[in-house]
Amino acid sequence: MIDAKEVAKHNTSSSCWVIIHNTVYDVTDFLSSHPGGTKAILSLAGQDATEEYDPIHPPGTLEESLEGSQILGPVDPSTIATVTPTPSPTSAPREGDKGENGIPPLSEQLNLDDFAITAERLLSPKAWAYYSSASDDLLTKKHNSIAYQQILLRPRIFRDVRNVDTRTTMCSSPVAFPVFVAPAALARLAHPSGEAGIAEACGREGVLQCISNNASLKPEQIMTGRVSDKQPTWFQLYVKEERGKSEALLERVDALGFTAVVLTLDAPTPGKREADERVKGAGSASSATSGEGVQGKSGSRGLGKALFAGTTPSLTWEDIKWLRKHTRLPIILKGLQTHEDAAMAARKEVLELGVTGIILSNHGGRAADTAPPPVYVLMEIRKYAPEVFDRLEVYVDGGIRRGTDVVKALCLGARAVGIGRPALFGLSGYGVDGVRRVLAILRQEIETTMRLLGVCSVGELGLGHINTRALDGLIYQEQSGGVIGAKL
């Protein structure tokens, strides 16, 4: 076994050792090729880097990147105290907290905002900044939620609502209620179970999970968390500049039992997430993003920017043909923000390539600040391109915090809605049970809203159950000149 004092001596670029899970690695030769840059490793040279490494790297990533001779062996545990400890991923409980680990009992988390409050207290500054941050002045992030508050419900009376059925289908897969977990990266910043824990929670609550291309576990590891081989699971794809990497990933995804590929289009370049960039050490991110590796640059700051590096900004409608060649799965286009693009996605030549759905999304307010909330885009499509709802399944994400929000989106034509941050916040401190409670709260609120509207099934929801007049002046007004076309 290796003395930790010896490890501490190797703390320079000419000789760099780190300890991860009580094993010593010589990463000197790996510094220059490290996707997250040399600075990320050198800040932990000669130390135990486990706490920093674990949440953002799928297990086995380092072993796949090094030669056998660079795995030096176990550290002597009796000497490990001599190494400067890294910060804990969770902060100390505040005075007055209650429950296990100093956080409120799960039963006292009554709504999704309660989970956000607990997560902010529990998570490390870096994790909270990454999860909560959005672009520029956070206007779109805030507007995502406010928009739903401006839509009023129109309850009906004298309806027998003893039995309410929330079941529906998403891309032909049955789900218990019309909510899915949207792709959100680096779930192990919240809890060691990461995306696999979310997969288990989704399976037990009967909903669909869309796994992020930038997950902190490999697709193979996440899929082991499912409770059934039949559990519907989508995979979100960011296309890399090096197309071969994306093609190899798609081959794995096809073989693992995923039920659709979600091509993300709303972030050809990362937005300016200032809260994320301000956190000291945030640039040390080097997540292996589903085993593919972050293509960050040395000295870059912010987890968000590190994760996006290497993603191609050159996608066009023609690239759907490329995607079709490399997957047999249904294709869903994520990030549409105008009725023009929705109408183009519903064209015959696009549908013939296997596009079955679209997700109206502004990346949770993390891309273009002041972009429209998805519910506005729903209204825009209904006004200018209603045929889209007949040809494609339309989903929305962003700003969903209540069951009433879900119902309002369904009334406007959405098939289902996605939640991203709430699932991560539920995972924080509570693990699988926290995510299950987040989903259960939404389901109960959906059922309550449906009963109060006098509706027994999601298929009955429609425009007659809501009043959107307060938003009329905020919806895009068609300009003269027609729609700009695109070749396919």
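Residues numbered from 1 in each chain as written. Predicted model: local features only at pLDDT ≥ 70, side-chain atom pairs only at ≥ 80, totals over all residues. Heavy atoms only, no water.

## Some thoughts on the nonpolar core
The biggest cluster of nonpolar side chains holds 107 residues, and the ones touching the most others in it are Leu237, Leu333 and Ile358. Counting residues per element, this core draws most heavily on helix H20 (residues 432-453), which supplies 9 residues. If we skip the residues at most four places from it in the chain, Leu237 touches Asn213, Ser246, Leu249, Leu250, Val261, Val262, Leu263, Thr264, Trp322 and Leu323. (Core = buried A, V, L, I, M, F, W, Y, C linked by side-chain atoms within 4.5 Å. Buried < 20%, exposed > 50% of the residue type's maximum accessible area, 1.4 Å probe, protein only. Helix = DSSP H or I, 4+ residues; strand = E, 2+ residues; numbered from the N terminus. Contact = heavy atoms within 4.5 Å.)

## Regarding the packing of aromatic side chains
Scanning all chains against the criterion turns up 8 aromatic pairs. Seen in terms of ring centroids, Phe115 and Tyr430 are 5.8 Å apart; in terms of plane orientation they differ by 80°. Their pairing is edge-to-face. Remark: Tyr430 occurs in helix H19 (residues 421-430) and Phe115 occurs in helix H5 (residues 112-122); sequence separation between them is 315 residues. This pair shows no difference in class: Phe115 is buried, exactly as Tyr430 is. (Phe/Tyr/Trp six-rings, centres within 6.5 Å; stacked < 30°, edge-to-face > 60°.)

## Structural notes on the sheet that holds strand S12 (residues 331-336)
Pairing is parallel around the closed barrel formed by 8 strands, whose spatial order is S8-S9-S10-S11-S12-S13-S14-S15. Geometrically, the sheet is characterised by an average inter-axis angle of 30° between neighbouring strands, direction not taken into account. The pairing of strand S11 (residues 260-264) with S12 spans 4 bridges and is parallel. When the bridges of S12 are listed, Val262 appears paired with Ile332. Helix-sheet contacts for helix H10 (residues 243-256) involve strand S10 (233-237) and S11, and the interaxial angle to S10 is about 180°. (Pairing = 2+ DSSP bridges. Axes fitted to C-alpha atoms, helices over the stretch in contact; angles between N-to-C directions.)

## Things to note about the sheet that holds strand S1 (residues 11-12)
Taken together, 4 strands build an open sheet; the order of strands is S1-S2-S3-S4 and the sheet is antiparallel. Looking along the sheet, the strands with just one partner apiece sit at the ends: S1 and strand S4 (71-74). Both S1 and strand S2 (residues 15-20) contribute to a ladder of 2 bridges, which runs antiparallel. Of the residues in S2, the one forming a bridge with Thr12 is Ser15.

## A look at helix H7 (residues 139-149)
Within H7, burial applies to Thr140, Asn144, Ser145, Ala147 and Tyr148. The buried residues of H7 all sit within an arc of 150° when viewed along its axis, so they share a single face. Against the buried residues of H7 lie helix H16 (374-384), strand S14 (393-397) and helix H18 (403-411). (Arc of directions from axis to C-beta.)

## Considerations on the pairing of strand S3 (residues 23-26)
In this sheet, S3 lies alongside S2 in antiparallel orientation, the contact comprising 4 bridges. Bridging from a neighbouring strand, Val18 pairs with Tyr25 of S3. Remark: 2 residues form the turn of the hairpin made by S2 and S3, two consecutive strands paired antiparallel; His21 in that turn has positive phi of roughly 50°. Where S3 lies against S4, 3 bridges are found, and the strand directions are antiparallel. Bridge pairing in S4 places Thr23 opposite Pro74.

## What to know about the pattern of salt bridges
Two side chains bearing opposite charge may form a pair once their charged atoms approach each other closely. Applying the stated rule across the entire model yields 19 salt bridges. The partner of Glu242 in a salt bridge is Lys245, with the nearest N and O atoms 3.9 Å apart. We classify Lys245 as partly exposed; its relative accessible area is 28%. Across the salt bridge formed by Asp266 and Lys334, the nearest N and O atoms sit 3.4 Å from each other. (Salt bridge = Lys/Arg side-chain N within 4 Å of Asp/Glu carboxyl O.)

## Let's talk about the environment of Ala119
The residue Ala119 is located in helix H5 in this model. As a C-alpha pair, Ala119 and Gly429 span 310 residues in sequence and 7.3 Å in three-dimensional space. With near-sequence residues (within four places) excluded, Ala119 lies in contact with Trp128, Phe425 and Ser428.

## A few points about the pairing of strand S13 (residues 355-360)
Taken across its 6 residues, S13 has 5 buried, putting it largely inside the fold. Across 4 bridges, S13 lies against S14 in parallel orientation. For Leu360, the partnering residue across the bridge sits in S14 and is Val396.

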